[in-house]
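A structural walkthrough
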Amino acid sequence: MDTETHTTTAPAALDTPRTHEAFTVAKRSITLYAALTAAALAAVVAVASSGHMVNGFMWVRAALLPLTALLVHRVTVAASRGSRRAYERVSALTLVMPIAIIGVDFVPGVCPLWYAVMQTVCMLPVLRVALLTRGPVLRAAFPRGR
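I will try to describe carefully the structure that is included in this document. (Residues numbered from 1 in each chain as written. Predicted model: local features only at pLDDT ≥ 70, side-chain atom pairs only at ≥ 80, totals over all residues. Heavy atoms only, no water.)

Side note on a nonpolar patch on the surface
A cluster of nonpolar side chains, F106, L113, V117, V121, L124 and L127, forms an exposed patch at the surface whose accessible area comes to about 530 Å². Checked against the element boundaries, V121 lands in helix α6 (residues 113-134). The exposure class assigned to V121 is partly exposed, which follows from its relative accessible area of 40%. (Patch = residues over 30% accessible without salt bridge, like charges linked within 9 Å, V, L, I, M, F, W, Y side chains within 5 Å. Areas by Shrake-Rupley, 256 points an atom, 1.4 Å probe, with all protein chains shown as cover. Salt bridge = Lys/Arg side-chain N within 4 Å of Asp/Glu carboxyl O. Helix = DSSP H or I, 4+ residues; strand = E, 2+ residues; numbered from the N terminus. Buried < 20%, exposed > 50% of the residue type's maximum accessible area, 1.4 Å probe, protein only.)

Structural data, given as structure tokens:
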């Protein structure tokens, strides 16, 4: 039995213009997410530098999210090269991340409203990738049962 068929998609399934375009959009969306999270980190630094209160949660979240963008981008690239496992990870991460990030930020007292709104904006490109990975083009490239 060839184990490679369980971890990668046949080249023909990935070699369609629609699949290439979907992955191009996904990679650009994750790049945008990285830029937005870097801007959010810069905003936290600016707010703290101006003497306003920035709590530990905000510092940790602002520092970690740009790093997660790098990880998600790397996994998205692996998926675009045919890794079914990477595709499944991107699909799961991009669904769970916005729910977790936005859900926690809007718990009263965790962070100021401006920060919660900024984090929500950061999640919009991630939501786009979640929709792409669940859309017909990428599902066709990674059919179940292979």
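Regarding the packing of aromatic side chains
Enumeration according to the criterion identifies three aromatic pairs in this entry. Their ring planes at 85° and their centres at 6.3 Å tell us that F23 and F142 sit as a pair that is edge-to-face. In this pair, F23 sits in helix α3 (residues 17-49) while F142 sits in the segment after α7 (136-141), placing the two residues 119 residues apart along the sequence. The class of F23 is buried, set by a relative accessible area of 6%. Residue F142 is classed as buried on the basis of its relative accessible area, which comes to 3%. With centroids separated by 4.3 Å and ring planes inclined at 5°, the aromatic side chains of Y87 and F142 adopt a geometry described as stacked. Of this pair, Y87 sits in helix α5 (residues 84-105) while F142 sits in the segment after α7, and the two are 55 residues apart along the sequence. No difference in accessibility class separates Y87 from F142, as the two residues are buried. A network of ring pairs unites the aromatic residues F23, Y87 and F142 as a single cluster. (Phe/Tyr/Trp six-rings, centres within 6.5 Å; stacked < 30°, edge-to-face > 60°.)

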